[in-house]
Amino acid sequence: MTDDGTTTAAATGTLGYEQARDELIEVVRRLEAGGTSLEESLALWERGEALAKVCRHWLEGARARLDAALAGPAGPGDGTGTEGGTAAEAG
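The present account deals with the structure reproduced in this document. (Residues numbered from 1 in each chain as written. Predicted model: local features only at pLDDT ≥ 70, side-chain atom pairs only at ≥ 80, totals over all residues. Heavy atoms only, no water.)

Quick notes on the nonpolar core
Note that soluble globular proteins tend to have their nonpolar side chains buried in a common cluster. Of all hydrophobic cores here, the largest spans seven residues; its members are L15, A20, V27, L44, L51, V54 and C55. For this core, the secondary structure elements donating two or more residues are α2 (17-33) and α3 (38-71). In terms of residue count, the dominant contributor to this core is α3 (four residues). When sequence neighbours within four positions are dropped, the list of residues in contact with L15 reads A20, E23, R47, L51, V54 and W58. (Core = buried A, V, L, I, M, F, W, Y, C linked by side-chain atoms within 4.5 Å. Buried < 20%, exposed > 50% of the residue type's maximum accessible area, 1.4 Å probe, protein only. Helix = DSSP H or I, 4+ residues; strand = E, 2+ residues; numbered from the N terminus. Contact = heavy atoms within 4.5 Å.)

A word on α3
Taking 1.5 Å of rise per residue, the 34 residues of α3 would be expected to cover 50 Å, and the 48 Å separating its terminal C-alpha atoms lies within 8% of that figure. Among the residues of α3, those classed as buried are L44, R47, G48, A50, L51, V54 and C55. The first or second residue beyond α3 is G72, which carries a positive phi of 80 degrees. (Expected span 1.5 Å × (residues − 1).)

Re the packing of α2 against α3
In contact at an axis separation of 9 Å, α2 and α3 are set at 150 degrees when each is read in the N-to-C sense. Taken together, the axis directions place α2 and α3 in an arrangement best described as roughly antiparallel. In this structure, the crossing between α2 and α3 has a hand that is left-handed. Judged by residue contacts, Y17, A20, R21, E23, L24, V27, R30 and L31 of α2 engage S41, L44, W45, R47, G48, L51, A52, V54, C55, W58 and L59 from α3. Taken together, the residues of the contact of α2 with α3 break down into 13 nonpolar, two polar and four charged. (Axes fitted to C-alpha atoms, helices over the stretch in contact; angles between N-to-C directions. Parallel < 35°, antiparallel > 145°, perpendicular 65-115°, else oblique. Left-handed = near helix turned anticlockwise from the far one by under 90°. Nonpolar A, V, L, I, M, F, W, Y, C, P; charged D, E, K, R; others polar.)

A short note on the environment of L24
The topology assignment puts L24 in helix α2. Each C-alpha atom, one on L24 and one on C55, is 9.1 Å from the other, the two residues being 31 residues apart in sequence. Discounting residues that sit within four places of it in the chain, L24 has contacts with G48, L51 and A52.

Fair warning: the whole summary comes from geometry, so function is off the table for now.
What follows is the structure in structure tokens.
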């Protein structure tokens, strides 16, 4: 089962967020539907965990990019003219 887990981890590393999310939805649907053996259910669960990790990675990256964009310029004098109150203080 270790080889299968390694292959799964390698395969999920190349998935985009939407692909991982869609596959995770399908895994959850299959688990909820039942009718699978214990071994199949465990394999689905493990795949779901790996897919959730991929999604979490993408979302954390997106959050970091949003936070950086919302933080604005690095400091005064960056040439963007967005420094609060700088023009008023100069005059």
